[in-house]
Amino acid sequence: MIHCLSCTLLLSGVVVVTTNSSRPYYDNGTYQHIPCLPMGLAIMVLLINIFAPGTGTFIGGFCVLCCGHTLYAWTDRTDVCCHCVCYGIAQHLLATIFLIGWIWAIFFGVYFIRTSVDNYGRQIDNNYESTVVVGASR
């Protein structure tokens, strides 16, 4: 992740360093409807999408209701579930007609894993925003 570093020098001589993590790659568009699943389940979704395009996305959509969560507060679990089910059906139909659906399903499976990796990293690092006081003078 890319971090933005900003320093503030207060009048009292205290330097405050604040880091803010940059916005992730899935911050807009279709990818805000990809749920954060446990890593094992995200890998399973990718493998299912490789061998049965769209089915993994379909299953991943239903899994958000029981063992996953959404990335944003404004995105409801049922909304994410409905979008993933629709994407899974579209991927399956496009895979039988063209190979576009199969490629789309594989990319979607990779994004399932990426959201899980990013979410796991955030839980460990807690890098949303951290403040460190560097020094003070009197």
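Residues numbered from 1 in each chain as written. Predicted model: local features only at pLDDT ≥ 70, side-chain atom pairs only at ≥ 80, totals over all residues. Heavy atoms only, no water.

**Side note on the overall build of the protein**
Stage number 1. Counting its regular elements, the protein contains four helices and three strands.
Stage number 2. When the helices and strands of the protein are listed from N to C terminus, the series reads β-β-α-α-α-α-β.
Stage number 3. Out of the 138 residues in the protein, the part that is buried amounts to 36%.
Stage number 4. For the protein, restricting intrachain contacts to residue pairs at least 6 apart in sequence, the fraction spanning at least 24 positions comes to 66%.
Stage number 5. Of the accessible surface of the protein, which amounts to about 8200 Å², a share of 68% is contributed by carbon and sulfur atoms. (Helix = DSSP H or I, 4+ residues; strand = E, 2+ residues; numbered from the N terminus. Buried < 20%, exposed > 50% of the residue type's maximum accessible area, 1.4 Å probe, protein only. Contact = heavy atoms within 4.5 Å. Areas by Shrake-Rupley, 256 points an atom, 1.4 Å probe, with all protein chains shown as cover.)

**Side note on the packing of helix 2 (residues 55–63) against helix 3 (residues 77–97)**
Stage number 1. Relative orientation of the contacting elements helix 2 and helix 3 amounts to 170 degrees, with a least axis distance of 7 Å. In terms of their interaxial angle, helix 2 and helix 3 are classed as roughly antiparallel. For the pair formed by helix 2 and helix 3, the contact residues are Thr57, Phe58, Gly61 and Phe62 on the first element and Cys81, Cys84, Val85, Tyr87, Gly88, Ile89 and Gln91 on the second.
Stage number 2. Partitioning the contact of helix 2 with helix 3 into residue classes produces seven nonpolar, four polar and no charged. (Axes fitted to C-alpha atoms, helices over the stretch in contact; angles between N-to-C directions. Parallel < 35°, antiparallel > 145°, perpendicular 65-115°, else oblique. Nonpolar A, V, L, I, M, F, W, Y, C, P; charged D, E, K, R; others polar.)

**Structural notes on the state of the cysteines**
Stage number 1. Counted by the stated rule, this structure contains zero disulfides.
Stage number 2. Between Cys67, a free cysteine, and Cys66, which holds the nearest cysteine sulfur, the sulfur-to-sulfur gap is 3.8 Å.
Stage number 3. For Cys67, a relative accessible area of 35% corresponds to the partly exposed category. (Disulfide = S-S within 2.5 Å.)

**Observations regarding the packing of helix 1 (residues 39–51) against helix 2**
Stage number 1. For the pair helix 1 and helix 2, interaxial distance at closest approach is 7 Å and the crossing angle is 150 degrees. Relative to helix 2, the element helix 1 is oriented roughly antiparallel. Each of Leu41, Val45, Ile48 and Asn49 in helix 1 lies in contact with helix 2, whose residues at this interface are Thr55, Gly56, Thr57, Ile59, Gly60 and Cys63.
Stage number 2. Residues belonging to the contact of helix 1 with helix 2 are distributed by class as follows: five nonpolar, five polar and no charged.

**Some details on the nonpolar core**
Stage number 1. Counting 17 residues, the largest nonpolar core has Ile34, Leu37, Phe108 and Phe112 as its most contacted members.
Stage number 2. Of all elements in the fold, only helix 1, helix 3 and helix 4 (100–125) reach the threshold of two or more residues within this core.
Stage number 3. For this core, the element with the highest residue contribution is helix 3, accounting for five residues.
Stage number 4. Apart from the residues within four sequence positions on either side, Leu37 is in contact with Ala42, Val45, Gly60, Cys63, Val64, Gly68, Phe112 and Ser116. (Core = buried A, V, L, I, M, F, W, Y, C linked by side-chain atoms within 4.5 Å.)

**A word on a nonpolar patch on the surface**
Stage number 1. Together, Met39, Ile43, Leu47, Phe51 and Val117 line one region of the surface with nonpolar side chains, adding up to about 480 Å² of accessible area.
Stage number 2. Among the elements that line the nonpolar patch, the one with the most residues is helix 1, at four residues. (Patch = residues over 30% accessible without salt bridge, like charges linked within 9 Å, V, L, I, M, F, W, Y side chains within 5 Å. Salt bridge = Lys/Arg side-chain N within 4 Å of Asp/Glu carboxyl O.)

**Regarding the side chain of Thr57**
Stage number 1. Tracing the backbone shows Thr57 in helix 2.
Stage number 2. Classification of Thr57 as buried rests on a relative accessible area of 0%.
Stage number 3. Among all residues touching Thr57, those that are not within four sequence positions of it are Val45, Asn49, Cys84, Tyr87, Gly88, Gln91, Phe108 and Phe112.

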